[in-house]
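# Observations on chain architecture
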Amino acid sequence: MTRPQTTRRKRANGVESRQRILDAAVEIAGERGYEGTSIAAVSAKCGLPASSIYWHFKDKDDLIAAVIERSFATWLAAVELPGEGYGTPLERTVAMAANVAKSLVEAPDFLRLGLMLALERRPAEPRGRTVFLQVREIAGRKITEMIETLFPGLDDAAVHTLTTYAVAGADGLFVQREIHGDAVDLPAMFDLHARLVFDAATGMAERSAPRP
């Protein structure tokens, strides 16, 4: 086997191993939380030695941060407002909400682990928590951009209020589903949430419009 082929094979094996480790960490963290997740448990789950895990990740916190980042990348792709050709502003908003709900059903790791870490307070902040707060800020900016696109007449205070309400509502619906499982129809709840946020934005825009 030539050296380029060997290099490609090693690289492919490294990528596959990393994914196996991340998949195992997701399962362990989902069952046991941040505190209950350990390199030993992840090693047993994925079938790779701890040395392989440490080759990819500095420590448990680095591993959890990577789990959040991977899941967030999937989730962020869903937070895109369809173009004007898709339909009315309301239809575009509802379509985006449907994509977000679908992504959270299929890849909930970002929000599940992130909320666990965000609600904890430690003397030394875990890197996973820092990463979650950073990517959460990115998500908030995406929501802000969407509101500004659909309601250009709103002032900064109104946009901030709507963004806070939209994100907090999404958090609450996700937590509700985590507690009650499939009894909570997350896509249906996100559809309702999107319509309520849109109605609120419409009302605020009408109240702020100049009087003739």
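This is a predicted model, so every value here is computed, not measured. (Residues numbered from 1 in each chain as written. Predicted model: local features only at pLDDT ≥ 70, side-chain atom pairs only at ≥ 80, totals over all residues. Heavy atoms only, no water.)

## Structural notes on a negative patch on the surface
Together, Glu 145, Glu 148, Asp 155 and Asp 156 make up a region of like negative charge exposed at the surface. The class of Asp 155 is partly exposed, set by a relative accessible area of 48%. (Patch = residues over 30% accessible without salt bridge, like charges linked within 9 Å, V, L, I, M, F, W, Y side chains within 5 Å. Areas by Shrake-Rupley, 256 points an atom, 1.4 Å probe, with all protein chains shown as cover. Salt bridge = Lys/Arg side-chain N within 4 Å of Asp/Glu carboxyl O. Lys, Arg positive; Asp, Glu negative; His and termini not counted. Charge placed at Lys NZ, Arg CZ, Asp CG, Glu CD. Buried < 20%, exposed > 50% of the residue type's maximum accessible area, 1.4 Å probe, protein only.)

## Structural notes on the side chain of Asp 62
Of note, Asp 62 is situated in helix H4 (residues 60-78). Taking relative accessible area as the criterion, Asp 62 reaches 18% and is therefore assigned buried. Ignoring anything within four residues of it in the chain, the contact list for Asp 62 reads His 56, Phe 57 and Arg 127. (Helix = DSSP H or I, 4+ residues; strand = E, 2+ residues; numbered from the N terminus. Contact = heavy atoms within 4.5 Å.)

## Topic: a nonpolar patch on the surface
Taken together, Tyr 165, Met 189, Leu 192 and Leu 196 make up a surface patch of nonpolar side chains, about 350 Å² in accessible area. Mapped onto the fold, Leu 196 is located in helix H9 (residues 186-208). Judged by relative accessible area, Leu 196 falls into the partly exposed class, the value being 40%.

## Concerning helix H2 (residues 39-46)
Taken together, the buried positions of H2 are occupied by Ile 39, Ala 41, Val 42, Ser 43 and Cys 46. Phi turns positive, to about 80°, at Gly 47, one or two residues after H2.

## Describing empty space enclosed by the protein
Under the defined criterion, the tally for this structure stands at two cavities of 30 Å³ or more. Counted as a void, the largest cavity has a volume near 340 Å³. Around the largest cavity, the lining is made up of 21 residues, and of these Ile 143, Ala 166, Val 167, Ala 170 and Phe 190 lie nearest the centre. Those elements giving two or more residues to the lining of the largest cavity turn out to be helix H5 (89-106), helix H6 (109-118), helix H7 (127-150), helix H8 (156-180) and H9. Its residues placed into classes, the lining of the largest cavity shows 16 nonpolar, three polar and two charged. Space inside the second largest cavity adds up to approximately 50 Å³. Thr 93, Met 146, Ile 147, Leu 150, Phe 151, Leu 162, Val 197, Phe 198 and Ala 201 are the residues that line the second largest cavity. Listing elements by their share of the lining of the second largest cavity, those giving two or more residues are H7 and H9. A class-by-class count of the residues in the lining of the second largest cavity yields eight nonpolar, one polar and no charged. (1 Å grid on protein atoms, 1.4 Å probe; cavity = no way out; pocket = protein on both sides within 12 Å on 5 of 7 lines; lining within 4 Å. Points joined across faces, edges and corners; volume = space filled by probe spheres on them. Nonpolar A, V, L, I, M, F, W, Y, C, P; charged D, E, K, R; others polar.)

## Topic: the packing of H7 against H8
Look at H7 against H8: their axes get within 9 Å of each other, and the N-to-C directions meet at 125°. By the angle between their directions, the pair H7 and H8 is classed as oblique. Crossing of H7 over H8 shows right-handed handedness. Between H7 and H8, the contacting residues are Arg 136, Gly 140, Ile 143, Thr 144, Ile 147 and Glu 148 on the first element and Val 159, Leu 162, Thr 163, Ala 166, Val 167 and Asp 171 on the second. Per-class residue counts for the contact of H7 with H8 are six nonpolar, three polar and three charged. (Axes fitted to C-alpha atoms, helices over the stretch in contact; angles between N-to-C directions. Parallel < 35°, antiparallel > 145°, perpendicular 65-115°, else oblique. Left-handed = near helix turned anticlockwise from the far one by under 90°.)

## Structural notes on the packing of aromatic side chains
One pass over the structure, following the stated rule, counts one aromatic pair. A cation sits over an aromatic face here: Lys 60 above Tyr 34, 4.2 Å from the ring centre. (Phe/Tyr/Trp six-rings, centres within 6.5 Å; stacked < 30°, edge-to-face > 60°. Lys NZ or Arg CZ within 6 Å of the ring centre and 35° of its normal.)

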